[in-house]
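Analysis of the macromolecular model
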Amino acid sequence: DIAVITRPDGSKVTLGQIAILTDGFEDTDLQVSTQGKPAVFIQIYRVANQSALEVAASVKEYVRSIRNDLPEGMDIVYFRDMSVILKSRINLLVRNMALGLIIVVVLLSLFLNFKLAFWVMMGIPISFATALWLLPAFGISINMISLFAFILILGIVVDDAIVIAENVYRKREMGLPAFESAVQGAAQVSRPVIFAILTTIAAFWPLLMVSGTRGNIMRNIPVVVILVLAGSLVEALLILPAHLSRSRFGKPSGVTGDKMGKRADRLLRQIIRGPYRKLLALCLRWRYATFAIGLAILIITVGMITGGRIRMTIFPKMDADHLTCSVVMPPGTPASRTNEILRSIEQAAIAVMKEAESKRPEGSPPVMENYFSLIGVHMTGRGPMSSTSSGGHLAQVHVKLLEGEKRNIKAMYLAGKWRKKVGHIIDAESVTFQGQLGHSSVPIEVHLSSRDHVKLVEAVEDMKERLREYPGLTDINDNYMPGKEEMQLKLKPGARSLGITLNDLAQQVRGAFYGAEALRLQLGQDEVKVLVRYPDGERRSPGSIRDMRIRTPDGTEIPFCRVAEVNTVRGYATITRTHRHRVIAVTADVEEGRANPKEVNFDLEINILPRMRETHPEIGFDIEGAGREDREFLQSVLRSFILALFLIYALLAIPFKSFAQPLIVMAAIPFGMVGAVLGHVIMGYDITMMSLFGMVGLSGVVVNDSLILIEATNSIHKGGKTHIDAISTASSLRFRAIILTSITTFGGLTPMLLERSIQARFLIPMAAGLGWGILFATGITLLIIPSLYLILEDIHRLTGRIFRHPAR
């Protein structure tokens with residue numbers, strides 16, 4: 001949506017498939033200005049069969065074409081071009097995808113063979129093409145989330161191809177012919193590869209069932225991941241072996257030359273034969289101590305989360321390129337008074353921007369590009385007329401900032417400075433400042449309910465005072481809005497004996513001041529109503545109602561004061577009820593870096609609300625807003641995670657034909673979570689909604705290496721070797737494949753992890769959770785999983801002795 005400014009002539013312009021509609025501002029309280037000059041907004045909506053970028057380009061071209069034809073002193077500009085954000089995000093993701101692809105190819109070429117790496121890399125475009133072909137069938141478009149899903153899967157998609165190619169390469173090193181090495185190499189690892197892909201799909205599939213708006217947005221990720229993995233599985237099992245059977249490759253060459261490739265291969269072999277085998281032997285000998293150390297790290301990590309050392313912000317604030325100040329005055333406030341308040345807020349904004357510009361290098365572009373103001377309505381989404389309420393008591397100031405990458409000053413920081421500059425407006429009901437992208441729920445929201453309105457208002461004020469004690473909470477308000485002053489009529493006891501009801505009284509008073517219909521006249525096609533009412537002079541004074549006469553059913557007229565009394569009181573602008581109880585919401589915003597919404601909501605629920613219930617026993621208290629949404633979201637993700645674990649276990653039990661060995665493989669999952677949490681600590685990010693999605697997906701990815709390791713161990717053990725020899729041989733045998741799958745996954749995500757763009761801050765936590773989790777889980781797979789394998793065999797031998805069965 002783009003708001004542009006032009007002459008308010010009520011015209012309608014059609015440009016291709018774009019309808020530009022002007023809002024007819026007939027309300028006298030509504031005033032729109034930009035840079036202090038009167039203006040009017042034109043609103044542009046995107047049609048279903050056009051992209052946002054196409055709409056924006058067409059509008060900009062239209063604006064350029066008519067600007068020179070406007071009368072002198074008239075201008076037309078586009079103010080809020082949301083397509084800029086979309087375009088920058090798409091460019092960001094495409095750039096990171098290209099860099100990740102290059103890193104994956106370089107890593108593969110370095111440790112394998114350039115030709116081998118080339119055919120493995122070819123699986124990426126084939127798998128991506130498969131997903132792009134099928135996405136329309138699932139209603140998924142190319143957007144920010146779906147593009148990020150492609151980056152997320154970039155390193156994972158080659159895991160199955162790496163395992164197959166590495167095994168074929170090893171067969172070729174053993175001297176087998178090209179065709180036989182391709183057939184035997186692919187067939188030997190086909191079963192673990194199939195189930196590795198299925199476990200990853202099983203981890204992402206439950207994310208489709210996450211409820212709420214956030215679940216609908218994140219639905220793009222599991223759909224893209226599942227389709228890409230399905231395409232990669234077909235490519236790795238059928239197409240890749242065919243390419244490898246016809247490819248001639250010998251010793252590693254590497255993209256940087258034969259010497260570097262040989263050195264990398266030699267270094268990897270030395271690590272396997274030297275430090276790794278010695279460390280593995282030590283861990284296997286002290287397997288219970290090894291497992292205890294890993295368990296201790298897991299417990300410490302969980303304690304850091306539950307103890308608040310590592311913060312969790314489910315839906316973090318994203319810095320925007322515009323600031324908004326919304327003012328609500330008491331209903332009935334004249335537009336002139338609201339205008340005074342608005343002008344002072346505008347001057348405060350200008351002063352804050354000048355102060356920010358003074359700290360920037362000389363010659364830098366201005367921080368504030370322009371601003372506009374509204375009186376009479378709040379812009380709450382699609383244009384200034386989308387608000388559900390209007391009146392001269394409402395006002396807004398919108399400030400357009402320089403793009404975030406160019407100003408190096410956070411919008412939320414400027415919003416805080418603006419808030420302090422404005423200070424406290426005594427007669428305002430609420431003044432809120434916003435500098436984040438999007439319109440997420442209020443971080444802190446408590447609903448108070450009661451049938452006693454007086455006590456409810458007292459509890460609301462008490463609640464607001466308690467919230468002010470929290471450092472970092474700003475814009476503490478409530479939604480109780482006293483209405484305009486009104487005259488309430490009440491019958492006296494003797495009125496009913498005269499046959500007068502409250503309905504009769506109300507109708508006669510309305511007829512006297514508004515008018516009662518006497519007759520209707522037909523004038524051509526029009527019907528004209530004739531109303532009879534008091535003269536203008538008798539309707540101007542509120543005291544005139546006490547001087548009027550009320551007619552009884554028998555036609556007698558008696559003074560108003562004999563049958564009724566009138567009281568002037570302030571009414572209600574809105575009344576909110578839940579279960580027949582009146583509800584008032586107390587809300588607060590959170591200043592980033594000084595307070596955490598989850599911690600504040602938790603403290604409110606545990607400490608503050610119980611004391612409030614003791615002080616105000618007739619009041620009901622409930623945590624709503626983002627607090628409730630976060631709780632429901634966490635429960636939904638937890639259900640998805642439990643379902644993913646069940647599906648992974650069921651799939652692992654099929655190839656292993658065991659109930660115990662899948663537990664060994666799945667032991668990598670909690671340790672992978674440790675890596676994901678430590679990754680957030682290293683990069684300085686809180687755990688967010690995207691982090692949780694990444695961790696659920698991580699549960700399927702980290703078991704792949706363990707699955708391949710235990711599958712190879714079982715195969716070697718069946719050949720006649722002991723358990724300790726089997727696990728030692730299998731660990732050395734699969735070391736290269738495990739290392740390659742891990743570093744390629746991390747390498748594919750590295751550009752995103754190193755990204756410093758504001759547009760990427762929302763996505764980085766998921767990449768951090770998945771990337772660092774897989775990297776940490778690699779060490780777990782190579783050391784703790786072998787130890788757990790022998791511990792399981794120790795348990796089998798112990799139970800065999802107890803129940804007098806031969807040791808397995």
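Just so you know, these numbers come straight off a predicted model, no measurement behind them. Throughout, residues of each chain are indexed from 1 in the direction in which the sequence is written. In keeping with the model being predicted, local features are shown solely for residues with a pLDDT of at least 70 and side-chain atom pairs are shown and tallied solely at 80 or more, while totals for entire chains, interfaces and linings include all residues. Only hydrogens and water are removed before side-chain values are computed, so all heavy atoms of the structure are retained for them.

It is worth spelling out the overall build of the chain at this point. Think of it this way: any DSSP run of H or I at least four residues long counts as a helix, any run of E at least two long counts as a strand, and we number them from the N terminus. A tally of regular secondary structure across the chain gives 27 helices and 21 strands. Remark: exposure states derive from per-residue accessible area (1.4 Å probe, protein chains only) relative to the maximum for the residue type, with buried under 20%, exposed over 50%, and partly exposed in between. A burial count over the chain gives 52% of its 808 residues as buried. The criterion used for residue contact is that any of the two residues' heavy atoms lie within 4.5 Å. Within the chain, contacts between residues at least 6 apart in sequence are counted, and of these 78% link residues at least 24 apart.

This paragraph deals with the pattern of salt bridges. Oppositely charged side chains are able to pair whenever their charged atoms sit close together. What makes a salt bridge here is a side-chain nitrogen of Lys or Arg within 4 Å of a carboxyl oxygen of Asp or Glu, nothing more. One pass over the full model with this rule turns up 18 salt bridges. For E557, the salt bridge goes to R551, with nearest N and O atoms at 2.8 Å. E557 sits in the partly exposed class, given a relative accessible area of 38%. Salt bridges linked by common partners bring R287, D794 and R797 together as one network.

Here we take up the packing of helix α7 (residues 178-204) against helix α21 (residues 626-656). In this analysis, axes come from line fits to C-alpha atoms, helices being fitted only over the stretch in contact, and the angle between any two N-to-C directions falls in the range 0 to 180 degrees. Running from N to C, α7 and α21 point in directions that differ by 170°, and their axes come no closer than 8 Å. Regarding the angle of α7 to α21, the classification is roughly antiparallel. Of the residues in α21, those in contact with R191, F195, L198, T199, A202 and A203 of α7 are A644, L647, I648, L651, L652, I654 and P655. Orientation is classified from the angle alone, with under 35 degrees giving roughly parallel, over 145 giving roughly antiparallel, 65 to 115 giving roughly perpendicular, and any other angle giving oblique.

Summarising burial for strand β7 (residues 319-328): 10 of the 10 residues are buried, a large majority. Strand pairing requires that DSSP identify at least two bridges connecting the strands. Taken together, the 6 bridges between β7 and strand β10 (residues 430-436) define a ladder with antiparallel strand orientation. Directly across from D319, in β10, lies its bridge partner Q436.

Moving on, we get to the environment of I785. Mapped onto the elements, I785 comes out in helix α27 (residues 764-802). Spatially, the C-alpha atoms of I785 and I664 are 6.5 Å apart, while their sequence positions differ by 121 residues. Residues within four places of I785 in sequence aside, it is in contact with I664, A667, A668, S706, L709, I710 and I780.

It is worth spelling out the confidence of the model for the chain at this point. Known as pLDDT, the predictor's per-residue confidence is scaled from 0 to 100. In this model, the chain carries an average pLDDT of 80, and 89% of its residues clear a pLDDT of 70 or more. Contacts for the low-pLDDT stretch residues 1-28, under 50 throughout, to residues beyond four places or in other chains number 86 contacts. In the model, residues 251-257 has pLDDT below 50 throughout and makes 20 contacts with residues more than four positions away in sequence or in other chains.

Classification of ring pairs uses Phe, Tyr and Trp, with its six-membered ring standing for Trp, and accepts pairs whose centres are within 6.5 Å; under 30 degrees between planes counts as stacked, over 60 as edge-to-face, and the remaining range as tilted. All told, the structure shown has 6 aromatic pairs when counted by the stated rule. For the pair Y276 and F735, a centre-to-centre distance of 4.8 Å together with 45° between the ring planes defines the contact as tilted. Separated by 459 residues along the polypeptide, Y276 in helix α10 (residues 258-285) and F735 in helix α26 (residues 735-753) bring together distant segments of the chain. F735 shares its class with Y276; the two are buried. Residues W418 and F433 carry aromatic rings whose centres are separated by 5.3 Å and whose planes lie at 70° to one another, so their mutual orientation is edge-to-face. In this pair, W418 sits in helix α14 (residues 411-422) while F433 sits in strand β10, placing the two residues 15 residues apart along the sequence.

Of all 12 residues in strand β9 (residues 390-401), 11 are buried; the element is thus mostly enclosed. In the sheet, β7 pairs with β9 via 7 bridges, with the strands oriented antiparallel. In the sheet register, V328 faces β9, and the bridge partner there is L394. Two strands pair when backbone bridges link them, and strand β8 (residues 368-377) and β9 are joined in this way by 8 bridges, in the antiparallel orientation. Looking at β9, one finds that S373 is bridged to V397.

What follows covers unusual backbone geometry. Phi at D475 takes a positive value of approximately 50°, unusual for a residue other than glycine. With respect to the helices, strands and loops of the structure, D475 is situated in strand β12 (residues 473-478). D475 sits in the buried class, given a relative accessible area of 13%. Positive phi, normally seen in glycine, also occurs at K657, with a value near 55°. Structurally, K657 can be placed in the loop between α21 and α22 (661-666).

In these notes, a set of buried Ala, Val, Leu, Ile, Met, Phe, Trp, Tyr and Cys residues joined through side-chain atoms within 4.5 Å is what counts as a nonpolar core. Counting 140 residues, the largest nonpolar core has F148, I221, M690 and F762 as its most contacted members. Per element, the largest residue contribution to this core is 17 residues, and it comes from α27. Beyond its immediate stretch of four places on either side in the chain, I221 contacts I145, F148, A149, L152, F204, M690 and M766. One finds A348, V352, A356 and A415 within the second-largest nonpolar core, a separate group that totals 32 residues.

To continue, consider a nonpolar patch on the surface. Patch definition: residues above 30% relative accessible area lacking any salt bridge, with like charges linked at up to 9 Å and the nonpolar side chains Val, Leu, Ile, Met, Phe, Trp and Tyr linked at up to 5 Å. What sets the accessible areas is the Shrake-Rupley method with a 1.4 Å probe; for residues, cover comes only from the shown protein chains. Residues L519, L521, L523 and V528 make up a contiguous nonpolar surface patch of about 330 Å² in total accessible area. Here the nonpolar patch gets 3 residues from one element, more than from any other, and that element is strand β14 (residues 516-523). Positionally, V528 belongs in strand β15 (residues 526-532). Classification of V528 by relative accessible area gives partly exposed; the value is 33%.

Turning next to helix α15 (residues 453-468). Helix span is expected to be 1.5 Å times the residue number reduced by one. The end-to-end C-alpha distance of α15, which contains 16 residues, comes to 23 Å, matching closely the 22 Å that a straight helix rising 1.5 Å per residue would cover. Among the residues of α15, H453, L456, A459, V460, M463, K464, R466 and L467 are the ones counted as buried. Taken around the axis of α15, the buried residues stretch over an arc of 160°, which confines them to a single face. For this analysis, a polar contact is any N or O atom pair within 3.5 Å, provided that within protein one partner can donate a hydrogen and the other can accept it, and provided that sequence-adjacent residues contribute only side-chain to side-chain pairs. You can read the cap of α15 off the contacts: a side-chain oxygen lies 3.2 Å from the backbone nitrogen of V454, and it is on D452. Each C-beta atom gives one direction from the helix axis, and the arc is the one those directions make.

The next thing to look at is the side chain of D159. Along the polypeptide, D159 turns up in helix α6 (residues 159-173). Despite being buried, D159 has no salt bridge partner; R734 is the closest side chain of opposite charge, sitting 14 Å away. The contact partners of D159, leaving out residues within four places of it in the chain, are T741, T744 and T745. The sign given to each residue is positive for Lys and Arg and negative for Asp and Glu; His and the chain ends receive no count.

This part is about helix α3 (residues 114-121). By the burial criterion, the buried members of α3 are L116, A117, V120 and M121. What you see down the axis of α3 is that its buried residues fit within an arc of 135°, all on one side. Structurally, α3 contributes buried residues whose contacts are with α2 (83-111), α4 (123-134), α6 and α9 (220-246).

Turning our attention to the packing of α4 against helix α5 (residues 144-154). Two numbers describe how α4 lies on α5: the axes approach to 12 Å, and their chain directions differ by 150°. Judged by the twist between their axes, the crossing of α4 over α5 is right-handed. Residue-level contacts link I124, F128, A131 and L132 of α4 to F150, I153 and L154 of α5. Under the grouping applied here, Gly and all other residues not named as nonpolar or charged are polar, the nonpolar ones being Ala, Val, Leu, Ile, Met, Phe, Trp, Tyr, Cys and Pro and the charged ones Asp, Glu, Lys and Arg. When the residues that make up the contact of α4 with α5 are grouped by side-chain class, the tally is 7 nonpolar, no polar and no charged. What makes a crossing left-handed is the near helix being turned counterclockwise from the far one by less than a right angle; a clockwise turn instead makes it right-handed.

Mapping L645 onto the fold places it in helix α21. Taking the relative accessible area as the measure of exposure, L645 reaches 23% and is therefore partly exposed. Remark: the alpha-carbon pair of L645 and A202, spanning 443 residues in sequence, is separated by 8.4 Å. Aside from chain neighbours lying at most four places away, what touches L645 is M666 and I669.

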